[in-house]
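Fold and contact review
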Amino acid sequence: MSSATTEPKSKASAEALSAPAAHGHHVPWLSYLSLAASTSVIGSYVGLSKLLVVVFPVFLLAWLRFGMAAVFMLPWLKRGPTEAPLSGRTRFLLFLESFFGNFLFSLCLLFGMKHSSAVVAGVIMAGIPATVALMSWLFLRERIAPRTLAGIAMAVGGIALVALNKHGDSAGAATSGWGALLLVGAVICEASYVVIGKQLTTALPPRRISALINLWGLVLVTPLGLWQALDFDFSTVAIKDWGLLLFYAIAASTVTVWLWMKGLQHVSAAKAGVFMVFLPVSTAVVGLVFLGERMSSLQLAAYALALGGVVLATWPGRSAIRPAQAPVA
């Protein structure tokens, strides 16, 4: 993947030189907001997905989700007038993005959770930001500043503390080596999704990326979805459940993916990975506001540590706040 980093760097340099000097600095606040919104929306509908799994088998649910989203995103598949035709490399990256981020991630996570305790799963999944940073350094040759590394460490530590505290009572020896290995695989898949997505944003607009990887997701899960659909009684599904499924499909496969790719356009993969902490944070907020759950002082401190890591990793450094200079002729 590292062979394609020259062109993105040159594009980024051109954008920096063409930015208006009146701004004085360039901090991608809109991109940060898009990344935070994407993971926050994912965290907020975790409860919704649990409700739907009770109604639909897992693979059938995924198949219906991708299918509904594919219909909704049909206009997004069309190539724009200024876009070049898809190259073989871009097509392959789109397949990998969907294979790792949609298909394989879901399999590793679902079966890993089945054979792991909640605390082990939480701690392992907390390692996503650090894994993203490592893979962005290996494959994208991104230079990661020490302050960004410190922010990543804070984010990982905060979410790991949340997992240890929240599930401390269920941290028994219910985890097999196979279960832990599958969860590590889920972490690698999610990190691959971020790194490959960063490369795709240099060639395609966010809407088209979202539509194409959703289409690949539909293709990959169709055999398993059809297999479960043959023995499923669709007449037992209530109208409200179909409505929830439609909302879930649009939110999970359309809105969150588009927001994520939009944010990745102007943010390094390593920094983008830090925003994964908003997933458990938003889940906790939904529990507090709508489900009447309580948060301990240790959990509050852990979430504050995780959010502090995001601030530390993304806060503009001295080089970012210097007045913009005119390009040398």
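Residues numbered from 1 in each chain as written. Predicted model: local features only at pLDDT ≥ 70, side-chain atom pairs only at ≥ 80, totals over all residues. Heavy atoms only, no water.

Quick notes on a nonpolar patch on the surface
A cluster of nonpolar side chains, namely Val53, Val58, Leu110 and Phe111, defines an oily patch on the protein surface of about 300 Å² accessible area. Its relative accessible area of 39% is what places Leu110 among the partly exposed residues. (Patch = residues over 30% accessible without salt bridge, like charges linked within 9 Å, V, L, I, M, F, W, Y side chains within 5 Å. Areas by Shrake-Rupley, 256 points an atom, 1.4 Å probe, with all protein chains shown as cover. Salt bridge = Lys/Arg side-chain N within 4 Å of Asp/Glu carboxyl O. Buried < 20%, exposed > 50% of the residue type's maximum accessible area, 1.4 Å probe, protein only.)

Some points on the side chain of Ser136
Mapped onto the elements of the fold, Ser136 is located in helix α7 (residues 128-139). By relative accessible area, which is 0% here, Ser136 ends up buried. Setting aside chain neighbours within four positions, we find Ser136 in contact with Arg141, Glu142, Ile144, Val195, Ala269 and Ala270. (Helix = DSSP H or I, 4+ residues; strand = E, 2+ residues; numbered from the N terminus. Contact = heavy atoms within 4.5 Å.)

Some thoughts on the packing of aromatic side chains
In this structure the tally under the stated criterion is 11 aromatic pairs. Here Phe95 and Trp216 contribute two aromatic rings whose centre-to-centre distance is 5.0 Å and whose plane-to-plane angle is 70°, an arrangement assigned as edge-to-face. Taken together, the residues Phe95 in helix α5 (residues 88-114) and Trp216 in helix α10 (residues 206-229) connect sequence positions 121 residues apart. (Phe/Tyr/Trp six-rings, centres within 6.5 Å; stacked < 30°, edge-to-face > 60°.)

Points about the nonpolar core
Core analysis: the largest hydrophobic core is formed by 56 residues, its most contacted members being Val194, Trp260, Met261 and Phe275. The element contributing the most residues to this core is helix α9 (residues 177-200), with 12 residues. Val194 has contacts with Val132, Trp260, Leu264, Ala269, Ala272 and Met276, leaving out every residue within four places of it along the chain. Ranked by size, the runner-up nonpolar core spans 14 residues in total, among them Leu52, Ala229, Val237 and Ala251. (Core = buried A, V, L, I, M, F, W, Y, C linked by side-chain atoms within 4.5 Å.)

What about the environment of Ala251?
Within the element layout of this structure, Ala251 appears in helix α11 (residues 239-264). By relative accessible area, Ala251 is classed as buried at 6%. The sequence separation of Ala251 and Val41 amounts to 210 residues, and the corresponding C-alpha distance is 7.6 Å. If we ignore the near neighbours within four places in the chain, the residues touching Ala251 are Tyr45 and Thr256.

Notes on helix α13 (residues 278-290)
Its 13 residues place the ends of α13 18 Å apart at the C-alpha level, agreeing with the 18 Å of an ideal helix rising 1.5 Å per residue. Looking only at α13, the buried set comprises Phe278, Val281, Ser282, Ala284 and Gly287. Buried-residue contacts for α13 involve α2 (29-44) and α14 (297-314). Count one or two residues on from α13 and you reach Gly292, which has phi positive near 70°. (Expected span 1.5 Å × (residues − 1).)

Things to note about empty space enclosed by the protein
In the structure shown here, the tally under the stated rule is 1 cavity of 30 Å³ or more. Computed from the structure, the largest cavity encloses a volume of approximately 40 Å³. Lining the largest cavity are Arg65, Phe66, Asn102, Ile213, Asn214, Ala252, Ser253 and Val257. Contributing elements (two or more residues each) for the lining of the largest cavity: α4 (58-72), α10 and α11. (1 Å grid on protein atoms, 1.4 Å probe; cavity = no way out; pocket = protein on both sides within 12 Å on 5 of 7 lines; lining within 4 Å. Points joined across faces, edges and corners; volume = space filled by probe spheres on them.)

A few points about the confidence of the model for the protein
Per-residue confidence for the protein gives a mean pLDDT of 84; residues scoring 70 or more make up 84%. Considering each helix and strand of the protein separately, the mean pLDDT is smallest for helix α1 (residues 6-18), with a value of 43, and largest for α10, with 96. Taken as a whole, residues 1-24 scores under 50 in pLDDT and shows 22 contacts with residues more than four places along the chain or in a different chain. The model gives residues 169-173 a pLDDT under 50, and that stretch makes 4 contacts with residues more than four places away or in other chains. (pLDDT = per-residue confidence, 0-100.)

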